[in-house]
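Architecture at a glance
Each chain, letter by letter, is given below.
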Amino acid sequence: MANLMGDKKASFLRLVEERALSKEEKKKLQDALVPYIPKDCISNILLRLPLESLQRSRFVCKPWYTIINSLKFIDDHLKRSESVLIYISSIKEENLYPFSTRPIAFEKPNTFSVEAKLLQSESVPVLGQPNINPTLKCYIKFLEINNGRSKIGEYSVSCTGHIRAACNGLILLENKLKKGGLIVVNPVTRKLISLPLGTLCPADKESYGFAFSTVTGEYKVVHLFQDELRYIGCEILNLGTRLWRAVNGPSFGLLRWLGCLPILAIGALHWVPNIDSSDYLVSIEVDKERFYTIPLPKSSRYHDRIVEMRGFLSFVTHEEENQIGVWILKGLGELWTKQLSIKTGCIMDMVPLYSLRIKGDLVFKRDEDGSFYAYDFQLQVMRKIEMEKERLKMSGMYHPHVNSLISWSSRERSQDVFY
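Rules behind the numbers
Residues numbered from 1 in each chain as written. Predicted model: local features only at pLDDT ≥ 70, side-chain atom pairs only at ≥ 80, totals over all residues. Heavy atoms only, no water. Helix = DSSP H or I, 4+ residues; strand = E, 2+ residues; numbered from the N terminus. Polar contact = N/O pair within 3.5 Å; in protein donor to acceptor, adjacent residues only side chain to side chain. Pairing = 2+ DSSP bridges. Axes fitted to C-alpha atoms, helices over the stretch in contact; angles between N-to-C directions. Parallel < 35°, antiparallel > 145°, perpendicular 65-115°, else oblique. Contact = heavy atoms within 4.5 Å. Nonpolar A, V, L, I, M, F, W, Y, C, P; charged D, E, K, R; others polar. Core = buried A, V, L, I, M, F, W, Y, C linked by side-chain atoms within 4.5 Å. Buried < 20%, exposed > 50% of the residue type's maximum accessible area, 1.4 Å probe, protein only.

1. Concerning the environment of Glu320
Take Glu320: it is sitting in the loop between strand 18 (312-319) and strand 19 (323-329). For the pair Glu320 and Met348, spaced 28 residues apart in the sequence, the C-alpha separation amounts to 9.4 Å. Of note is the side chain of Glu320, whose polar atom sits 3.0 Å from the side chain of Arg301.

Here is the structure:
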């Protein structure tokens, strides 16, 4: 009996050794057939993939998953990504059919719902979840401009709140499940987090800025709000701590209007204090959290705007004889310098929206017909953008944005779960 058991064990061990050897031989054969590609080369190839292909590539194999989720790859991808305009489009409007009097609101298959995911993350029981009116839902989309043409991109992500701000691929959304609440979400990775309530204020009497601190490596949400006496208060939330703290706001009377979106550039958030005839900007330094004013090189008009351009702050102003002047401020405490005057293709109702962060073109939108134009600084040519056949349906504001894999916390990047 003992001999029989010994023979069985010996046979089993031989079988295991044979299988191990066969696996080893197969691996050697595979390595011989497939040439070795250095990790840096694979990373460079993956960086050049379109967004959808990149998302699918992370699940090809474990080495690719590790590369795409690495902090270096995420930062390199952000540096290579071009600027887009992000906006929300009503699902109800998209489902209108010709000769139909009643809109039909239904989401496309495999749509990621921000509110549904938020309720799931907060472990709200199914029976205790609020009934969300489907006619209030919107898709988050983006408009991409390249070589004189536009393309509308989709994330297959839906929400019910408006976009309040954007920074490095993260967007700040209204949380319609909680009055005054906010959600930070990356529409590419679909990772999200809810923020605690701050000071409650009507939407037309508040403004949100979203910024990244290069000193602390943290993302900050800046909330300005106006009280009944027209004083402007300010509170700031660090996404790492998720706690609001009050800071001294701008002096009384400096900021009379909160309807202009703040622009992040040269380490500060900047507001135009009035819709017309402003002689200065109201700015808060992201790291020091201190307000001050920056004089403009000339008084702004109704269609003038400030935009971020290659990391600098730019003031784009309409001049006489259908010309547009472009001024640049390279740092806090420095003086404005005039970069150039655009003398061709200018129309007085052109509103500057944003600058392409890679190519550098300055994008405008006409008030009269909503058409888009882009000025090429290298060729010194203003071109009208050829739009897609699909009508651009924008609900609320649109924001300069960049599609990225960024997370708000370096600790959480390695723990991201993608859907």
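Let's pick the thread back up.
2. Section: the sheet that holds strand 21 (residues 350-355)
Judged by pairing direction, the sheet is antiparallel, and its four strands sit side by side in the order 21-22-23-24 without closing on themselves. Either end of the sheet is taken by a strand with one partner, and the two such strands are strand 21 and strand 24 (381-384). Adjacent strand axes in the sheet meet at a mean angle of 30 degrees when their direction is disregarded. Summarising the sheet, strand 21 and strand 22 (residues 362-366) pair through five bridges and their orientation is antiparallel. By the bridge assignment for strand 22, Pro352 is matched with Phe364.

3. A short note on the packing of helix 4 (residues 62-69) against helix 5 (residues 71-80)
Two elements in contact, helix 4 and helix 5, have axes separated by 5 Å at closest approach and are oriented at 60 degrees. Here helix 4 is positioned oblique relative to helix 5, judged by the angle of their axes. Listed contacts from helix 5 to Ile67, Ile68 and Asn69 of helix 4 are Leu71, Phe73 and Ile74. Considered class by class, the residues forming the contact of helix 4 with helix 5 number five nonpolar, one polar and no charged.

4. Considering the sheet that holds strand 20 (residues 337-342)
If you walk across this open sheet you meet the four strands as 17-18-19-20, and the pairing is antiparallel. Each having just a single partner strand, strand 17 (305-309) and strand 20 make up the two edges of the open sheet. Looking at each pair of strands side by side, their axes are set apart by 30 degrees on average, direction ignored. Here strand 19 pairs with strand 20 via five bridges, running antiparallel. Across the sheet, Ile324 pairs through a bridge with Ile342, a residue of strand 20.

5. Let's talk about the nonpolar core
In this structure, Ile140, Leu172, Leu173, Val184, Phe210, Val221 and Leu239 are the most contacted members of the largest nonpolar core, which totals 47 residues. Not counting residues up to four positions away in its chain, the partners in contact with Leu239 are Val184, Leu195, Phe210, Tyr219, Val221 and Trp408.

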